[in-house]
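# A closer look at the structure
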Amino acid sequence: MENFFKGKNILITGHTGFKGSWLSEILINWEANVSGFSLKPPTEPNLFSLLQLNTKMNSYIGDIRNLKDVKKIFNEIEPEIVVHMAAQPLVRESYENPHYTYETNVMGTVNICECIRTSNCVKSFLNVTTDKVYENKEKQEGYDEDEKLDGFDPYSNSKSCSEIITHSYNNSFFKEMNIPTSTARAGNVIGGGDFAKDRIVPDCVKSALSDENIIIRNPYSIRPYQHVLEPLNVYLTIIKKQYDDINYSGYYNVGPDDTDCISTGDLATLFCEKWGENLKWINKSEMNAPHEANFLKLNSSKIKKVFDWKPKWNIDTAIEKTVEWAKNYKDNNDMAICTDKQIEEFFNI
């Protein structure tokens, strides 16, 4: 797969975020011509800066809501491959700023689709969404790709809209233009370099680095967790396969095995075990907290069948690698070296 991406012009929206930074580093290592369009890194510190990605790629700072700016960069880059990851990605933030969330996640998708529609360079397009796009009925079975898209909160709902927009552009324009188009609905990702607020693993890392107890607000909610390299591997597989054969275009769930769907409390316990140093977590459930799903799981049998895919790192390894990365960060080591080592380990399995 590495040889396929060598020398190809690739545009990543949201390249300054957690997943975008990991993806950029992979493709840079594979000698692709990588460009990114995004807001400034969302946190301080942030993975984008720690990896010094601004010195390794064409990094354009801008707002995905501004069609004029997106078109300008798009025309300058003329990407063969587009990976759309730019988003307002937090459920709690979406309750506080629903208008901004919809503008970014809905109109941002429209803007990217418009740029693709009015160009003749794109040969593979992937829109990355979320497992939260489905109408969540708190059922025990995993959600299939053909189930109803109707996320509850503004974030989840805006990503449902992003899916539907992509489907419409694909049916109305992209199929006729012979542009392979897919969406990927991934579960919760973890790994080194995520400094976002209101996420369980970044909260664990922050507490560990500060020698404080981890505060858990909902220890019983169950989520599918996977290391960030797992979905990125799938994204790259989809991009390559549909580039070679448009029949691989589709809508795919990207989730871990059932054994890696665990409660927040169990995840925190596992993190404490891997970290050591008598790290503990405490339950501080919030009163009148905004609604979040208690149980959510994907059925990823389609992508396993179509691409003969299976996860490489289970939840135990994923937490182990996250702790390894965080302890290197704590010791002020070169984080590009640590990140590249984990990338190499993962793709050489």
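Per-chain numbering applies: the sequence of each chain, read as written, is numbered from 1 onward. In keeping with the model being predicted, local features are shown solely for residues with a pLDDT of at least 70 and side-chain atom pairs are shown and tallied solely at 80 or more, while totals for entire chains, interfaces and linings include all residues. Just so you know, side-chain values use all the structure's heavy atoms and leave hydrogens and water out.

## Some words on the sheet that holds strand β1 (residues 9-13)
What counts, and what does not: Criterion used throughout: strands pair if DSSP finds at least two bridges between them. Strands here are runs of E lasting at least two residues and helices are runs of H or I lasting at least four, both read from the DSSP assignment and numbered beginning at the N terminus. Axis definition: a line fitted to C-alpha atoms, over the contacting stretch in the case of helices. Angles run 0 to 180 degrees between N-to-C directions. We call two residues in contact whenever any of their non-hydrogen atoms come within 4.5 Å of each other.
Taking strand neighbours across the sheet as the criterion, the seven strands line up as β3-β2-β1-β4-β5-β6-β10 in an open arrangement whose pairing is parallel. Only two strands of the sheet have a single partner each, and these edge strands are β3 (58-61) and β10 (251-254). Each strand axis lies, on average, 15 degrees off the axis of its neighbour in the sheet, ignoring direction. The pairing of β1 with strand β4 (residues 81-84) spans four bridges and is parallel. Considered in β4, the bridge of T13 is made with H84. Contacts between helix α4 (residues 67-77) and the sheet are confined to β1, β2 (33-38), β3 and β4, with β2 contributing the most and set at about 175 degrees to the helix.

## So, the side chain of E80
Applicable threshold: Polar contact is defined as a pair of N or O atoms within 3.5 Å, subject to the rule that within protein one atom must be able to donate a hydrogen and the other to accept it, and that residues adjacent in sequence are counted only when both atoms are side-chain atoms.
Within the secondary structure, E80 sits in the loop between α4 and β4. Here the side chain of E80 touches Y243 through a polar contact of 3.2 Å, side chain to side chain. Once you skip the residues sitting within four places of it in the chain, E80 turns out to touch G7, K8, N9, C121, V122, K123, S124 and Y243.

## A few points about the pattern of salt bridges
Here is the rule we go by: Each salt bridge in this description consists of a side-chain nitrogen of Lys or Arg and a carboxyl oxygen of Asp or Glu lying within 4 Å of one another. The rule is simple: take the accessible area with a 1.4 Å probe, protein chains only, and divide by the maximum for that residue type; under 20% is buried, over 50% is exposed, in between is partly exposed.
Per the stated rule, a full pass over the model turns up 21 salt bridges. Two residues, K148 and E135, come together in a salt bridge whose shortest N-O distance is 4.0 Å. On the criterion of sequence distance, the pair formed by K148 in the loop between β5 (124-128) and α7 (154-174) and E135 in the loop between β5 and α7 is long-range, its members being 13 residues apart. For K148, a relative accessible area of 52% puts it in the exposed group.

Purely geometric stuff here, so don't read any function into it on its own.
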